[in-house]
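Topology and contacts: notes
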Amino acid sequence: MLKPNFKEARSIDKRDYQTKEFTLDPAYQNYFLGKTYFIKTYGCQMNEHDSENIEAILEELGFKKIDDYSKADLILLNTCSIRENAHNKAFGMLGRCKHLKEENPHLMVGLCGCMSQEEIVVDEVLKNYSWMNFVVGTHNFYDIPRLLVSSLKEGLQVEVYSREKDLIEQMPVSRKTSYKAYVNIIYGCDKFCTYCIVPYTRGRQRSREKEAILNEVKDLVQQGYQEVTLLGQNVNAYGKDLYDNYGLGELLEDVAHLSISRIRFVTSHPWDFNEKMINVISKYKNIMPSIHLPVQSGSNRILKLMGRRYTKESYLELVKKLKDKIPRLALSTDIIVGFPSESEEDFEETLSLVDICKFDNAFTFIYSPRVGTPATKLKDQVAEKVKEERLKRLNEKVNHYFLENNQALVGKTIDVLVEGNSLKQKDAYFGYTDTNKLVNFTGENIEVGKIVPVTITCAKTWSLDGRAK
Ligand code: SAH
Ligand code: SF4
Ligand code: F3S
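So, here's what we can say about the structure. (Residues numbered from 1 in each chain as written. Chains lettered and ligands numbered in written order. Predicted model: local features only at pLDDT ≥ 70, side-chain atom pairs only at ≥ 80, totals over all residues. Heavy atoms only, no water.)

In this section: the sheet that holds strand β9 (residues 180-184). Reading across from one edge, β9-β12-β13 is the order of the 3 strands in this open sheet, with parallel pairing throughout. Edge positions in the open sheet fall to β9 and β13 (262-266), since each of these has one partner strand only. For this sheet, the mean inter-axis angle between neighbouring strands, taken without regard to orientation, is 25 degrees. Across 5 bridges, strand β12 (residues 227-231) lies against β13 in parallel orientation. (Pairing = 2+ DSSP bridges. Helix = DSSP H or I, 4+ residues; strand = E, 2+ residues; numbered from the N terminus. Axes fitted to C-alpha atoms, helices over the stretch in contact; angles between N-to-C directions.)

What follows is the structure in C-alpha cells.
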C-alpha cells in the first residue's frame, strides 16, 4: 500500500523524472473481454482528458463502455478536489456503489483523480470503503490494469504517489469527438495559490517535450481534427522547466504552422503572460481570439493573501494590452468570493474590476476551505450567508456583461464549429464561435465537425441564436 502525503507533495526540490512510453503487459490484453465499465469524471479539462486515456486503456483490457452505472461490471470515479461539493458528490456516488456491491459481489469499483491524492480521502476509503478494488493517483493511473487484476485476488489496492512520477508518452486515447481534441502541454503547478489544492494533487510543473506535442498535433491534423486545446493548469509557464528560450509563445507559433483550423489554450496565469505570447496570438488567424485569464479577486489585499503575485492594476494593464492587440478578443475569468477576511470594500473592488473588464464569460465560486492548504489557517473566515449574498451580486453583474457583449454580435457573421443537433429545436444545430460562444442555429446541409459562417439573429445571456449562410 502506498498512501499520499501532503508534506511530501508540497516539497519543491526539483526531482528528476523520466519520460517513458506507455506499454500494456500483454497478459492484461483482453483480460476482461465481455465486461462493461462506467466512468464518471468530476473535474476540469485535464481530468476529462485523463478519462480519455483511461477509457482507451480499459478498452485494451477488453471492457466496453456503458452509460448506466447500475449495469456496469466496473465503476470508475475520476474525481476532483477543488471544492467541497465535488468531494461530496464523489462520496455520494461511492455510497450508491456500496448498495450495488451488496447486490452484486462481483462489481468492481475504483477511485482515481485528484481526490485519491488526499490523505483524508484515502483514510476514509480504508475505514469505510475497503470493499473497493483500487485507489490510484493522478501520477500513475496508467497502472490501473495491474492494480485491478491484483485486486481480484488480494482485495483493495491503494497505490498513490505523493509526488510526480515519470512523464508517460504514447498513452492510448479514446477521444470524445473526431473534430475537437485536448493535448496536454504541461502537467502540475508550482504556483501554490494559498486556497488551491491542485499543486498537491497534480505535483510540480512538468512540460512535455515540444516534439511530442507537435507530433501529436500533426497526427490530429492528419486524422481531420479541426480544433486542438492545449492543456495545463498554467499553460503560460510552458517550457520553463525544460528550455531556456522556448515557451508558450514559441509553441503556439509552431502549432499555428501545422495548419489546424483552431487552436485554443487553457489556463493562463496573468503573472506569466509575456509580449511574445501576445504577439503570436494576435498574428495567427488559427489561434482563437479567446483567453481565459482567472483574476480571482479585484482587491490587492486579497490577491496578496491568495499568493497570486499580481495586482489589480497590473491585471488591468495586461487586459488592456490584450484587448488592444487582439481584435474581437473574448475574455473569460474565474472569481472567488468570500476568501478569508474579504470585506465589503474588498468585494466592491472585485465588482469594479468586472465593470472595467466586461468579461465575456466568468466562473464564479464561493471560497471552499481545502484541508492542507494555507488559507484554511487564515483568521476571519467569511460567514456562509455573506458569501452567498456576494456570489449573487457578482453573478448579476457578470451576467449583465455576458448579455451586453452578446447583443453587440447581433447581425454579425461569425465562424462556428458545428458540434451536433440542437437538443431543443428540430432541424437546428449547435456549435461554438472562434470566441468560444455557444450558438444554436438553423441551416441546410450542415455537417457536424465542419466550420460554417453563421449570422447572429438573437442574443441571450449564455448563448446566441443564428442562421447559417
Ligand atoms: N490553474 C487555473 C485554475 C485552477 S482551478 C488558475 O490558476 O487559474 C479553477 C478555479 O477554481 C480557480 O481559478 C479558482 O477560481 C477556483 N478555485 C480553486 N480553489 C478554490 C477553492 N478552494 N475554493 C473556491 N474556488 C476555488
Ligand atoms: Fe491552483 Fe491555478 Fe493557483 Fe496553480 S495557479 S495553485 S492551479 S489556482
Ligand atoms: Fe479538480 Fe484536479 Fe482539475 S482538483 S479542477 S480535477 S486538477
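This part is about the site of ligand 3. The full set of residues close to ligand 3 is Gly43, Cys44, Asn47, Cys80, Ser81, Ile82, Cys114, Arg202 and Gln233. A class-by-class count of the residues in the shell around ligand 3 yields 4 nonpolar, 4 polar and 1 charged. (Near = heavy atom within 4 Å. Nonpolar A, V, L, I, M, F, W, Y, C, P; charged D, E, K, R; others polar.)

Below, the discussion takes up the site of ligand 2. Cys189, Lys191, Phe192, Cys193, Tyr195, Cys196, Val198, Pro199, Gln233, His269 and Arg308 make up every residue found near ligand 2. Counted by class, the shell around ligand 2 contains 7 nonpolar, 2 polar and 2 charged residues.

With that settled, consider the pattern of salt bridges. Where charged atoms of side chains with opposite charge meet at close range, the side chains can pair. Overall, the coordinates contain 36 salt bridges when judged by the stated rule. A salt bridge links Glu159 to Arg146, with the nearest nitrogen and oxygen atoms 2.8 Å apart. Taken together, the residues span a long stretch of sequence, with Glu159 in strand β7 (residues 157-159) and Arg146 in helix α5 (residues 144-154) at a distance of 13 residues. Among the residues examined, Glu159 registers a relative accessible area of 16% and is labelled buried. Judged by its relative accessible area of 32%, Arg146 is partly exposed. Of the charged contacts, one joins Arg301 and Asp346 as a salt bridge, the two residues approaching to 2.7 Å between their closest N and O atoms. Of this pair, Arg301 sits in helix α10 (residues 300-306) while Asp346 is found in helix α12 (residues 344-357), placing the two residues 45 residues apart along the sequence. (Salt bridge = Lys/Arg side-chain N within 4 Å of Asp/Glu carboxyl O. Buried < 20%, exposed > 50% of the residue type's maximum accessible area, 1.4 Å probe, protein only.)

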